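# Topology and contacts: notes
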Amino acid sequence: MTRKVTKAIFPVAGMGTRFLPATKSVPKEIMTLVDRPLVQYAIDEARAAGIKEFIFVTSRGKSALEDYFDHSPILEQELRKKGKTELLNTLKATNMDSGAIAYIRQHKALGLGHAVWCARRLIGNEPFMVILPDDVIAAEKPCLQQMVEAYADTGGNMVAAMEVPPEQTSSYGVLDVAEDMGSVVSAKGMVEKPSAEDAPSNLAVIGRYILAPSVLKTLNQIKSGAGGEIQLTDAIAADIDRGTPVYGYRFRGQRFDCGSKAGFLQATVAFALARDDLRDDLSRYLSEIEMSRKAAE
């Protein structure tokens, strides 16, 4: 029987250089898709999967991220005074209970594996999740909830996975598939950012993980890999050799790479079109743009 997963690590120490100059003063994780920060989508998904303890691996300049989850008594008081109950409830949903959230500093940018390793003392000997807020997944059932249900049958390590064009494998960790069982695949290896010629498959790892505590012990010993960084993929792959099975889970939903400008814009449009209060105006505007383009041609 697998142990219940109640802890999650959110690696948010990156500088967000692809979004400069905005990220000079605004952490990328609180940039908004419509009216919710990226990190709020990640928190909501984690809550739906049963997470109770939220561990953020941060760096200098992320104080606005920490403030976001704090209570705002003056703002709450003003909303209450003006009878804006719906907005008040929206605001309260962003608050975190005392003791539910912790912040760990990553002092050097040594990669995702190192960021996860920084939280090892708060994880202890329990299975845990790793969630990358840059990967936003729109799904009827949240991606992590899907994974938790599958993990109950498999145990071991589990990563979210999706097929990508062969020419894009160099941007991802890629699974070496041992057995394809449909939504779940077992892996005999993982390769970080292989070229199209060297990739063992086109099944790429996306920013959702359910990991055994043994991965943290492996990270203690692992050396830097692709890009001179300590890669989480390498630690998970090494765990296979030590007897911990690794599974890829083909989630049901649409993933947006909000670490890129194009992906962020695509997600903004998609989430806005899914909203009843925004759909008509935005659809009309997009139609007008398309008609103007065709007329210009």
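Notes on the structure follow. All values reported here derive from a predicted model rather than from experimental measurement. (Residues numbered from 1 in each chain as written. Predicted model: local features only at pLDDT ≥ 70, side-chain atom pairs only at ≥ 80, totals over all residues. Heavy atoms only, no water.)

### As for the packing of aromatic side chains
The condition is simple: Any Phe, Tyr or Trp ring, taking Trp's six-membered ring, that has another such ring centre within 6.5 Å forms a pair; planes under 30 degrees apart are called stacked, those over 60 apart edge-to-face, and the others tilted. Only runs of H or I of at least four residues qualify as helices and only runs of E of at least two qualify as strands under DSSP, and these elements are numbered from the N terminus. Think of it in three bands: with a 1.4 Å probe and only protein chains considered, a residue is buried below 20% of the maximum accessible area for its type, exposed above 50%, and partly exposed in between.
All told, the structure shown has eight aromatic pairs when counted by the stated rule. For the pair Tyr41 and Phe271, a centre-to-centre distance of 5.0 Å together with 65 degrees between the ring planes defines the contact as edge-to-face. Taken together, the residues span a long stretch of sequence, with Tyr41 in helix H1 (residues 38–48) and Phe271 in helix H10 (residues 261–273) at a distance of 230 residues. Accessibility classification places Tyr41 together with Phe271 in one group, the buried group. Taking the centre distance of 5.1 Å and the plane angle of 75 degrees together, the rings of Tyr68 and Phe69 count as edge-to-face. Clustering of aromatic rings is evident, with ring pairs tying together Phe10, Phe54, Phe56, Tyr68, Phe69 and Tyr103.

### A few points about the environment of Tyr172
The condition that has to hold: Two residues qualify as a contact provided that any one of their heavy atoms is within 4.5 Å of a heavy atom in the partner residue. Throughout this description, a polar contact denotes any pair of N or O atoms lying within 3.5 Å of each other; where both atoms belong to protein, one of them has to be capable of donating a hydrogen while the other can accept it, and for residues adjacent in sequence the pair is counted only when both atoms sit in side chains.
Within the secondary structure, Tyr172 is located in the loop between strand S8 (157–163) and strand S9 (173–180). Look at Tyr172 and you get buried, because its relative accessible area is 12%. Sequence separation between Tyr172 and Asn95 is 77 residues, and the spatial gap between their C-alpha atoms is 33 Å. With residues up to four places along the chain from it excluded, the contact list for Tyr172 reads Val164, Val191, Glu192, Lys193, Pro194, Ala204, Val205, Ile206 and Arg255. Within the structure, Tyr172 has its side chain in polar contact with the side chain of Arg255 (distance 2.8 Å).

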